[in-house]
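# Survey of secondary and tertiary structure
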Amino acid sequence: MIKTEDVEKLAKLARIEITDDEKKQFQKEIGAILDYVSELKEAPTDNSKSLTRPENMNRLREDKSPHAPGTYTKELLEGAPRSEKGFVKVKKIFE
Amino acid sequence: MDKEFFKNLTIKKAVNAIKSGDITALELTRYYLNNIKEKNGEINAYLRIFADAEEQAKKIDEKIKSGEDAGALAGIPFAIKDNILIKGKIASASSKILENYKATYDATVIKKLRDEGAVFLGAVNMDEFAMGGSTENSAFGPTKNPHDPKRVPGGSSGGSAAAVAADMALASLGSDTGGSIRQPASFCGEVGLKPTYGRISRSGLIAMASSLDQIGPITKTTEDAEIIFNIIKGEDPLDATTSLGHSVSEPQTNLKKLKIGILNYDKNAVAPEINEMIEKSIEIFKKNGHEISEVALPYLKYSLPCYYIIMPAEVSSNLARLDGVKYGLLKEGENLLEDYLKTRGAGFGKETKRRIMTGTYVLSSGYYDAFYAKAQEVRNLIKKDFENIFKEVDAIIMPTTTGPAFKLGEKIGDPIKMYLEDIFTVSANLSEVPAISIPAGFAERGGSKLPLGLQIIAPHFREDILFSLGKQFENAKIKV
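Once a new chain begins, its residue numbering starts again from 1 and follows that chain's sequence as written. Key to labels: chains lettered from A, ligands numbered from 1, both in the order written. In keeping with the model being predicted, local features are shown solely for residues with a pLDDT of at least 70 and side-chain atom pairs are shown and tallied solely at 80 or more, while totals for entire chains, interfaces and linings include all residues. Side-chain measures were taken over the full set of non-hydrogen atoms in the model, leaving aside hydrogen atoms and water.

## Digging into the overall build of chain A
Labels follow the DSSP assignment, with helices taken as runs of H or I lasting at least four residues and strands as runs of E lasting at least two, numbered in each case from the N terminus. What chain A contains, in helices and strands, is three helices and two strands. When the helices and strands of chain A are placed in sequence order, the string is α-α-α-β-β. A total of 95 residues make up chain A; the buried ones form 27% of that total. In these tables, accessible area is a Shrake-Rupley quantity obtained with a 1.4 Å probe, and a residue counts as shielded only by the protein chains included in the view. As presented, chain A carries roughly 7300 Å² of accessible surface, and 54% of it is formed by carbon and sulfur atoms. Categorising residues by exposure relies on relative accessible area from a 1.4 Å probe, with only protein chains included: less than 20% of the type maximum marks a residue as buried, more than 50% marks it as exposed, and the intermediate range marks it as partly exposed.

Given below as structure tokens:
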């Protein structure tokens, strides 16, 4: 159901480097999975495109009483692979 | 205290024994730590044992000595699934990408258990990011089923179920996105509860598919599951979907005389012992004064394809945060994009990659309507199925699984085969209703007695029905 190029494109969109072996394996397996879930297309629906499921709605809180800046910085940065001067460090984004 | 005393413990018995001074919390913790030392080499349920387990127990003993209230779980040793955060401890979700990730806060459920005196023994194994039905997708080796180490304990909460089954913890927490508490509980002969969506805070649970994930207990008895449920449930400002504004009304139902629907399922698609187990279960509930009728869920056959679209879609967005920047593994490349590619390529296992990519596909432009939007519509219809049935009956019973625990390696090579494992469990997640798996007899395979599970499903917020039926089933004179 999907081609090698599709697998390559998906991996790139998903930001995952995959080996040639994985490429072959995923082409077969993701193809089989997509064939399987395509059974859903036969499910009769009333074409109500409504995605609102009221019971599952988030209850939002007011955006108030923030914590003081820096309260958690040290602890959180300890988990970051690269940091500098109280910031997370990343490679440059713009060339 | 002799070994038999410890083997037959329930939460109530243990707490009473500790509070009355028959045993100390430290003795109880040491009993389980010894069992872990003896058995974990073979079973591989625990990934990490907490160095402060005995310290935690000693604190409980001190509290009791000084006459303080030590809580409803005073000294009860727990195994915690590796995707639930405990401040200062590693929570890896059994993934290489989080292998060294140290939690910076307690999950709400952990806070609640701690406040009631629970002792945390260690973190237990799971399928990577809770994706799988066998625990074989762990980056740290599979867990074995204590009833037959050649077989899987189920998954994804395989470590949680195996730890309780092998007496390496009195109780455990797991998480259930499509059956990940109920199926391993069934395979290991334990009770497993997936509560109503929104009942229990997900704050501090490493997210897999947020509209489906729920934390729940795996225990030896229904009563134990009920005790833990009542402690960890409740609204939480840190999880905006908890309780969802529902005011839970006081149960009006007479729990002694219920209408129970038995699901009309394909008898040829399950092991013969499963059909026998269901027949006997019907008999038990009839003898207890309940009315049994057959019910059908017309959209049940679409629940698996629906689940295997919605779940990977949510997985692909949830796991996007694992990028080697904020926490976890970093594999450096020439530029930022290469950092992402290499980190995620090296950090994720095969099943995780497969699901992220499948999710990426069903959400991508051109396929979104055919897959994701359609799946959301079908999800609503599955939910309606349950709403309609619950106008007629108070609970539905069906098997938890199609058979007993399968062998290691039997299904891991074929994702579809593994996905079909979830046929009886995913619909409760999709429709957000509570469901429990109760030990219900055995099937013999190759000289091993392998446990089976009976699943009971109730309407939203009616866990009380599950607990009542579960206890009646456990106390029934006829045994399955």
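## Remarks on empty space enclosed by the protein
Residues and elements named next belong to chain B. Any residue with an atom within 4 Å of a point lines the site, the site being either a cavity, points on a 1 Å grid over the protein atoms alone where a 1.4 Å probe fits but cannot get out, or a pocket, an open set with protein on both sides within 12 Å along at least 5 of 7 lines. Grid points are joined across faces, edges and corners, and a volume is the space filled by probe spheres set on the points. Counted under the stated rule, the structure contains five cavities of 30 Å³ or more. As a volume, the largest cavity reaches approximately 120 Å³. Lining the largest cavity are 16 residues; nearest its centre among them are Gly132, Ser180, Tyr307, Tyr308 and Asp422.

## Thoughts on the nonpolar core
Side-chain atoms within 4.5 Å are what join buried Ala, Val, Leu, Ile, Met, Phe, Trp, Tyr and Cys residues into a set we call a nonpolar core. Ranked by size, the top nonpolar core spans 162 residues in total, and within it Tyr46(B), Phe78(B), Leu113(B), Phe129(B), Ile396(B) and Ile456(B) carry the most contacts. Here, residues are in contact when the closest pair of their heavy atoms is within 4.5 Å. Not counting residues up to four positions away in its chain, the partners in contact with Ile456(B) are Phe285(B), Ala395(B), Ile396(B), Ile397(B), Pro434(B), Ala435(B), Ile436(B), Ile438(B), Leu466(B), Leu469(B) and Gly470(B).

## Notes on the interface of chain B and chain A
The figure often quoted for interface size is the accessible area lost as the parts come together. Contacts between the two partners involve 67 residues from chain B, matched on the other side by 52 residues from chain A. Buried area: the accessible area, evaluated with a 1.4 Å probe, that two parts lose upon being put together, summed over both parts. Buried area between chain B and chain A, both sides added, is near 5300 Å², and the carbon and sulfur share of it is 63%. Ranking the residues of chain B by area buried against chain A places Met357(B), Tyr361(B) and Glu377(B) at the top, with a combined share of 13%. Criterion for a salt bridge: a side-chain nitrogen of Lys or Arg within 4 Å of a carboxyl oxygen of Asp or Glu. Here chain B is connected to chain A by seven salt bridges. The residue Arg354(B) makes a salt bridge to Glu29(A) at a minimum N-O spacing of 2.4 Å. We define a polar contact as two N or O atoms separated by no more than 3.5 Å, with the added condition that, inside protein, one atom must be a possible hydrogen donor and the other a possible acceptor, whereas residues neighbouring each other in sequence contribute only through side-chain atom pairs. At the surface where chain B touches chain A, the tally comes to 15 residue pairs in polar contact (both at pLDDT 80 or more). Broken down by secondary-structure element, the contributors of at least two residues to the side of chain B that touches chain A are helix H10 (303–318), helix H11 (336–347), helix H12 (350–363), helix H13 (369–392) and helix H14 (415–420) of chain B. Per element, the largest residue contribution to the side of chain B that touches chain A is 13 residues, and it comes from H13(B). We call Asp, Glu, Lys and Arg charged. Ala, Val, Leu, Ile, Met, Phe, Trp, Tyr, Cys and Pro are nonpolar, and the rest, Gly among them, are polar. Among the residues making up the side of chain B that touches chain A, the classes are represented as 33 nonpolar, 16 polar and 18 charged.

## Focus on the pairing of strand E5 (residues 191–194) of chain B
Residues and elements named next belong to chain B. Going residue by residue along E5, you find Val191 and Leu193 tucked away on one face and Gly192 and Lys194 tucked away on the opposite face as well. Summarising the sheet, E5 and strand E6 (residues 214–219) pair through two bridges and their orientation is antiparallel. Its bridge partner lying in E6, Val191 is registered against Thr219. Here E5 runs beside strand E10 (residues 435–445); their pairing, made up of three bridges, is antiparallel. Bridging from a neighbouring strand, Leu193 pairs with Ile436 of E10. The pairing criterion is simple: DSSP has to find at least two bridges between the two strands.

## Overview of a nonpolar patch on the surface
A residue counts toward a patch only above 30% relative accessible area and without a salt bridge, and it is joined to like-charged neighbours within 9 Å or, for Val, Leu, Ile, Met, Phe, Trp and Tyr, to nonpolar neighbours within 5 Å. On the surface, Val88(A), Val90(A), Ile93(A) and Phe94(A) cluster together into a nonpolar patch covering about 410 Å² of accessible area. For Phe94(A), a relative accessible area of 71% corresponds to the exposed category.

## What to know about the environment of Lys350(B)
Here Lys350(B) lies in helix H12. Judged by relative accessible area, Lys350(B) falls into the partly exposed class, the value being 41%. Once the C-alpha coordinates of Lys350(B) and Glu190(B) are considered, the two residues, 160 residues apart in sequence, prove to be 29 Å apart. Not counting the four nearest positions on each side in its chain, Lys350(B) is found in contact with Glu22(A), Gln25(A) and Phe26(A). Among the polar contacts made by the side chain of Lys350(B), one reaches the side chain of Gln25(A) at a distance of 3.2 Å.

## Overview of the packing of helix H8 (residues 222–232) of chain B against helix H16 (residues 463–475) of chain B
Residues and elements named next belong to chain B. Between the N-to-C directions of two axes lies an angle of 0 to 180 degrees, each axis being a line fitted to C-alpha atoms and, for a helix, fitted only over the stretch in contact. Axis separation between H8 and H16 bottoms out at 9 Å; the angle between their running directions is 160°. Our classification of the angle between H8 and H16 gives roughly antiparallel. Judged by the twist between their axes, the crossing of H8 over H16 is left-handed. Contacts from Thr222, Glu223, Ala225, Glu226 and Phe229 in H8 reach Glu463, Leu466, Phe467, Gly470, Lys471 and Glu474 in H16. In this scheme, roughly parallel covers angles under 35 degrees and roughly antiparallel covers those over 145, while 65 to 115 is roughly perpendicular and the rest are oblique. Definitions for this section: a left-handed crossing has its near helix turned counterclockwise from the far helix by less than a right angle. A right-handed crossing has that turn clockwise.

## Focus: the packing of aromatic side chains
Residue and element names in this part refer to chain B. Pairs were defined over the aromatic rings of Phe, Tyr and Trp, the Trp ring being its six-membered one, requiring ring centres within 6.5 Å. Orientation was assigned from the angle between planes: stacked under 30 degrees, edge-to-face over 60, tilted for the rest. The final tally for this structure, using the stated rule, is 16 aromatic pairs over all chains. Considering the side-chain rings of Phe129 and Phe348, the 6.0 Å spacing of their centres and the 70° angle between planes classify their relative orientation as edge-to-face. Taken as a pair, Phe129 in the loop between strand E3 (119–124) and helix H6 (158–165) and Phe348 in the loop between H11 and H12 lie far apart in primary sequence, 219 residues in all. For the pair Phe129 and Phe348, one class covers both residues: buried. Ring geometry for Tyr361 and Phe371: centres 5.8 Å apart, planes at 75°, overall edge-to-face. Of the two residues, Tyr361 is situated in helix H12 and Phe371 in helix H13; the sequence distance between them amounts to ten residues. In terms of burial, Tyr361 and Phe371 fall into one category: buried. Three or more aromatic residues joined by ring pairs form one cluster here, namely Phe5, Phe6, Tyr31 and Tyr32.

## Topic: the environment of Glu332(B)
With respect to the element layout, Glu332(B) can be found in the loop between H10 and H11. A C-alpha to C-alpha distance of 6.9 Å links Glu332(B) and Lys342(B), two positions ten residues apart in sequence. Discounting residues that sit within four places of it in the chain, Glu332(B) has contacts with Arg82(A), Lys91(A), Asp339(B) and Lys342(B). A polar atom in the side chain of Glu332(B) sits 2.7 Å from the side chain of Lys91(A).

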